[in-house]
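Residue strings, one per chain:
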Amino acid sequence: MKSETKLKSVAYRDTDVKSITRTAIMAALVFLATYVIKIPAPDGYTHLGDCFIFVAVLILGSKRGALAGGLGAALADLMGGYAQWILPTFFIKGIMALIMGFITYRLFPKLRFGWLIGAFVGGVAQVVLYTVVKLPMYGIAYALTRIPGLVFQSIFGIIIAAVIIAFLKKSNLINKLREM
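As a starting point, this report considers the structure included with it. (Residues numbered from 1 in each chain as written. Predicted model: local features only at pLDDT ≥ 70, side-chain atom pairs only at ≥ 80, totals over all residues. Heavy atoms only, no water.)

Right, let's talk about the overall build of the chain for a bit. Regarding its fold elements, the chain presents 8 helices and 2 strands. Its helices and strands taken in sequence order, the chain reads α-β-β-α-α-α-α-α-α-α from the N to the C terminus. Taken over the C-alpha trace, the chain has a radius of gyration of 18 Å; the compact-globule value for 180 residues is 16 Å, and the two agree within 12%. Dimensions of the chain along its principal axes, counting C-alpha atoms only, are 65 × 35 × 25 Å. Buried positions account for 39% of the 180 residues belonging to the chain. Taking as baseline every contact in the chain between residues at least 6 positions apart, the subset at least 24 positions apart corresponds to 68%. Entry remark: accessible area of the chain is about 10,200 Å², with carbon and sulfur atoms responsible for 73%. Distance from the positive charge centre (19 side chains) to the negative charge centre (7 side chains) of the chain: 5 Å. (Helix = DSSP H or I, 4+ residues; strand = E, 2+ residues; numbered from the N terminus. Rg over C-alpha atoms; globule rule 2.2 N^0.38 Å. Buried < 20%, exposed > 50% of the residue type's maximum accessible area, 1.4 Å probe, protein only. Contact = heavy atoms within 4.5 Å. Areas by Shrake-Rupley, 256 points an atom, 1.4 Å probe, with all protein chains shown as cover. Lys, Arg positive; Asp, Glu negative; His and termini not counted. Charge placed at Lys NZ, Arg CZ, Asp CG, Glu CD.)

On inspection of all chains with the given rule, the structure shows 2 salt bridges. Asp16 is the partner of Arg64 in a salt bridge, and the nearest nitrogen-oxygen pair spans 4.0 Å. Of the two residues, Arg64 is situated in helix α3 (residues 62-80) and Asp16 in helix α1 (residues 2-35); the sequence distance between them amounts to 48 residues. Exposure remark for Arg64: the relative accessible area of 29% places this residue in the partly exposed category. Since its relative accessible area comes to 29%, Asp16 is described here as partly exposed. (Salt bridge = Lys/Arg side-chain N within 4 Å of Asp/Glu carboxyl O.)

Next comes the structure, spelled out in structure tokens:
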């Protein structure tokens, strides 16, 4: 009886360590895609981080994908000198990922491209939330003029994610990554 309990405990720790490791790897990918691959803009930059947040949700699920996305993007803001955006980014990217995951896994679990609907709605939420945060920081005119850049970033992220996800599905890597 004791050995069975001990085996379950070891198996749980192994699974937990694997889950934490996978989440950390995806957070690192989000960070790199946000921090390294960026296009400067007047109020910050456009980047590929969103596409890896979408991929993280498909590999890790809603909660862990949100955690990886929020941590990776917030760390990129910290390292990039955008300290005022660390907390908003952490929560906004996390909410974007949670929305995508909810739509993908709860509303349309059988729909082949349900994740695209989730990513689109999550992207819309991101645009709205960043605009709301910018209102008290910079004023209404500035916040509204930044909407096109946010929309571009969201659409760009969805398109690149679609390419990466198609490759991962075609090579069956997405299932292997989910099972790890």
